[in-house]
Amino acid sequence: KPFKGYARRIITSAQALKIASEELLAKQSDVLREQLTRTLLLTLFLMVVPAALIVIGQVLFNRQMASAKKKLQDQNNLLASQEAETKKLALVASHTDSAVIICDQDHRIEWVNQSFTRITELTFDNVVGQTIDQAFAFNKDRMEEFRLVREHLEQGQPLHIELAGETPSGRQYWLAADIQPIQDH
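Let us look at the structure shown here. (Residues numbered from 1 in each chain as written. Predicted model: local features only at pLDDT ≥ 70, side-chain atom pairs only at ≥ 80, totals over all residues. Heavy atoms only, no water.)

With that settled, consider the overall build of the chain. Tallying secondary structure elements over the chain gives five helices and four strands in all. Start at the N end of the chain and walk to the C end: the helices and strands fall as α-β-β-α-α-α-α-β-β. The buried share of the chain, reckoned over its 185 residues, is 16%. Within the chain, residue pairs in contact and separated by at least 24 positions form 25% of the contacts whose partners lie at least 6 positions apart. Entry remark: accessible area of the chain is about 14700 Å², with carbon and sulfur atoms responsible for 60%. (Helix = DSSP H or I, 4+ residues; strand = E, 2+ residues; numbered from the N terminus. Buried < 20%, exposed > 50% of the residue type's maximum accessible area, 1.4 Å probe, protein only. Contact = heavy atoms within 4.5 Å. Areas by Shrake-Rupley, 256 points an atom, 1.4 Å probe, with all protein chains shown as cover.)

With that out of the way, let us pick up the nonpolar core. Val 127, Ile 132, Phe 136, Val 149, Ile 161 and Ile 179 are the most contacted members of the largest nonpolar core, which totals 18 residues. Listing elements by their share of this core, those giving two or more residues are β2 (109-112), α2 (114-120), α4 (132-135), α5 (143-155), β3 (159-166) and β4 (172-179). Those residues in contact with Ile 161, other than ones at most four positions away along the chain, are Glu 145, Leu 148, Val 149, Leu 175, Ala 176, Ala 177 and Ile 179. (Core = buried A, V, L, I, M, F, W, Y, C linked by side-chain atoms within 4.5 Å.)

Counted under the stated rule, the structure contains seven salt bridges. For the salt bridge of Glu 83 with Lys 87, the shortest nitrogen-to-oxygen distance reads 3.6 Å. Taken as a pair, Glu 83 and Lys 87 lie in helix α1 (residues 2-95) at a separation of four residues, close to a single helical turn. The closest approach of N and O atoms between Arg 150 and Glu 154, which form a salt bridge, is 3.7 Å. Residue Arg 150 and its partner Glu 154 are located together in helix α5, separated by four residues, close to a single helical turn. (Salt bridge = Lys/Arg side-chain N within 4 Å of Asp/Glu carboxyl O.)

Relative to β4, β3 is paired through eight bridges, and the arrangement is antiparallel. Each bridged residue has a counterpart across the sheet, and for Gly 165 the counterpart in β4 is Tyr 173. Connecting the antiparallel pair β3 and β4 is a turn made up of five residues, with Gly 170 showing a positive phi of about 100°. (Pairing = 2+ DSSP bridges.)

Let's shift gears to a nonpolar patch on the surface. Where nonpolar side chains cluster on the molecular surface, the patch consists of Leu 42, Phe 45, Leu 46, Val 49, Leu 53, Ile 56 and Leu 60 and spans about 670 Å² of accessible area. Tracing the sequence through the fold places Leu 60 in helix α1. Given a relative accessible area of 45%, Leu 60 falls into the partly exposed group. (Patch = residues over 30% accessible without salt bridge, like charges linked within 9 Å, V, L, I, M, F, W, Y side chains within 5 Å.)

Moving on to the side chain of Thr 120. Inspection of the secondary structure puts Thr 120 in helix α2. A distance of 2.7 Å separates a polar atom in the side chain of Thr 120 from the backbone oxygen of Phe 116. Reaching out from Thr 120, the side chain makes a polar contact with the backbone nitrogen of Leu 122 at a distance of 3.1 Å. In contact with Thr 120, other than residues within four places in its own chain, are Phe 136, Thr 167, Pro 168 and Tyr 173. (Polar contact = N/O pair within 3.5 Å; in protein donor to acceptor, adjacent residues only side chain to side chain.)

What follows is the structure, encoded as structure tokens:
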């Protein structure tokens with residue numbers, strides 16, 4: 001009988017050990033479960049945040065591209081409108097009966113129309129790159145009038161003047177010239 005008590009104590013101790021082990025395993029399981037949950041959440045966070053940042057970046061980039069595309073389209077439309085207007089003005093200048101001379105900032109001839117050539121007998125190739133007084137240098141007796149034209153051009157002042165001229169072949173002509181210096185802004 002003395003062993004019976006020991007056996008009962010051993011069984012009770014074994015049961016207590018089993019219960020303690022189960023409680024310890026349950027606590028360890030809870031700790032492991034909690035660590036696993038934290039690790040899983042951290043992993044998800046590390047995966048989701050960069051993906052979200054990429055999506056946000058793409059959205060912002062798309063908005064900027066759309067805005068830039070709209071601005072570019074607006075500029076293209078403006079350029080097309082200005083080009084159409086320039087073509088109309090060039091058509092008018094080319095087909096008018098009046099002589100038209102376009103000069104650069106240094107008052108050198110850049111372009112003349114057909115009417116200029118018809119009236120003065122000076123061709124485009126003869127006058128491009130020359131100043132007005134150089135182009136008409138053969139009209140020695142009219143140099144004072146061309147000097148006046150040059151002065152007004154240099155001062156950016158408009159001028160209305162009547163000019164008598166002579167073509168290289170000796171034909172006389174009169175020009176009522178409206179000179180309007182236009183400066184690029």
